[in-house]
Amino acid sequence: GGTYNTITASAGGNVTQSGVLNVAATAALTAASGAITATLDNVANEFNTVTFTAGGGSFASASIVDADTATDGLAVSGAASILTVDAAGTLDLAGTYNTVNADAGDDISQSGALTVSGTTTLTANGTDLNATLTNAANDLGFVALVDGTGNFDVVSVTDANILSIGGDANTLNVDAGSAAPLTVT
């Protein structure tokens with residue numbers, strides 16, 4: 001636990017926390033060896049940016065809770081097999097994952113391409129959230145839109161390949177590419 005501007009950590013074993021973390025800028029985590037987990041799930045954590053990098057190892061799973069509802073929100077990028085994020089405010093996603101479970105209290109966006117080979121579950125925990133995942137290099141398997149304690153207003157998704165999407169939103173905008181099949185469930 002503690003308050004930091006930046007954290008840079010490389011680990012060959014699992015990354016956990018013993019108290020609340022408040023990181024104003026970036027928490028950069030590297031898996032030095034083996035398949036490790038990162039569990040940063042204290043309900044009072046406040047992050048700005050969290051990155052996951054495979055240094056000589058990999059992240060089997062990464063879990064983050066961000067209680068910060070300020071305008072800077074939470075940005076997550078990198079690579080992990082399973083990414084689980086619970087952001088009280090806005091959420092920015094980028095990186096490569098097998099599975100993404102993302103809960104947000106405000107809008108969901110992206111700052112880079114998002115590749116998810118399995119399911120991306122986006123849960124709205126705020127009223128009339130917008131989800132904008134429109135990077136042309138996105139490669140998503142199945143996208144599930146879930147009304148948690150809130151709902152989605154406008155959801156826009158772009159995918160370079162085959163895309164399946166299901167769930168609830170007031171407006172759904174999908175671009176699956178000119179030659180790619182699209183399934184809406």
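See the structure above.
Described in the following lines is the structure provided in the data block. (Residues numbered from 1 in each chain as written. Predicted model: local features only at pLDDT ≥ 70, side-chain atom pairs only at ≥ 80, totals over all residues. Heavy atoms only, no water.)

**With respect to the overall build of the chain**
Then step 1. When helices and strands are tallied, the chain shows 0 helices and 18 strands.
Then step 2. For 185 residues, the compact-globule estimate of 2.2 N^0.38 gives 16 Å, and the chain sits close to it at 16 Å.
Then step 3. Principal-axis analysis of the C-alpha atoms gives the chain an extent of 45 × 35 × 20 Å.
Then step 4. Sorting the 185 residues of the chain into buried and exposed places 41% on the buried side.
Then step 5. Counting only carbon and sulfur atoms, one obtains 49% of the accessible surface of the chain, whose full area is about 7,600 Å². (Helix = DSSP H or I, 4+ residues; strand = E, 2+ residues; numbered from the N terminus. Rg over C-alpha atoms; globule rule 2.2 N^0.38 Å. Buried < 20%, exposed > 50% of the residue type's maximum accessible area, 1.4 Å probe, protein only. Areas by Shrake-Rupley, 256 points an atom, 1.4 Å probe, with all protein chains shown as cover.)

**Notes on the side chain of D68**
Then step 1. The residue D68 is located in the loop between β7 (57-66) and β8 (74-87) in this model.
Then step 2. By relative accessible area, which is 11% here, D68 ends up buried.
Then step 3. If sequence neighbours within four positions are ignored, D68 has contacts with N45, E46, F47, A88 and G89. (Contact = heavy atoms within 4.5 Å.)

**Re the nonpolar core**
Then step 1. Counting residues in each nonpolar core, the largest one holds 46 residues, and the members touching the most others are F52, V76, L83, L91, L93 and L122.
Then step 2. Considering each element in turn, this core owes the most residues, 6 residues, to β8. (Core = buried A, V, L, I, M, F, W, Y, C linked by side-chain atoms within 4.5 Å.)

**Let's talk about a nonpolar patch on the surface**
Then step 1. Together, L172, L182 and V184 line one region of the surface with nonpolar side chains, adding up to about 240 Å² of accessible area.
Then step 2. With respect to the secondary-structure elements, V184 resides in strand β18 (residues 182-184). (Patch = residues over 30% accessible without salt bridge, like charges linked within 9 Å, V, L, I, M, F, W, Y side chains within 5 Å. Salt bridge = Lys/Arg side-chain N within 4 Å of Asp/Glu carboxyl O.)

**A closer look at unusual backbone geometry**
Then step 1. Its identity is not glycine, yet D128 carries a phi of approximately 55°, on the positive side.
Then step 2. Along the polypeptide, D128 turns up in the loop between β12 (114-124) and β13 (129-133).

**Considering the packing of aromatic side chains**
Given two aromatic rings, their pairing is described by the distance between the two centres and the angle made by the two planes.
Then step 1. Applying the stated criterion across every chain yields a total of 1 aromatic pair.
Then step 2. Note on F52 and F59: the rings are 5.1 Å apart at their centroids and 70° apart in plane angle, and the pair reads as edge-to-face.
Then step 3. F52 sits in the buried class, given a relative accessible area of 2%. (Phe/Tyr/Trp six-rings, centres within 6.5 Å; stacked < 30°, edge-to-face > 60°.)

**A closer look at the environment of N170**
Then step 1. Structurally, N170 can be placed in the loop between β16 (163-167) and β17 (171-175).
Then step 2. Separated by 125 residues in the primary sequence, N170 and N45 have C-alpha atoms spaced 31 Å apart.
Then step 3. Sequence-distant contacts of N170, defined by excluding residues within four places in its chain, comprise D128, N151, F152 and D153.

**Quick look at the environment of V76**
Then step 1. Here V76 shows up in strand β8.
Then step 2. Sequence separation of V76 and D92 is 16 residues, and the distance between their C-alpha atoms is 6.2 Å.
Then step 3. Once you skip the residues sitting within four places of it in the chain, V76 turns out to touch V50, F52, I64, L83, V85, L91, D92, L93, A94 and Y97.

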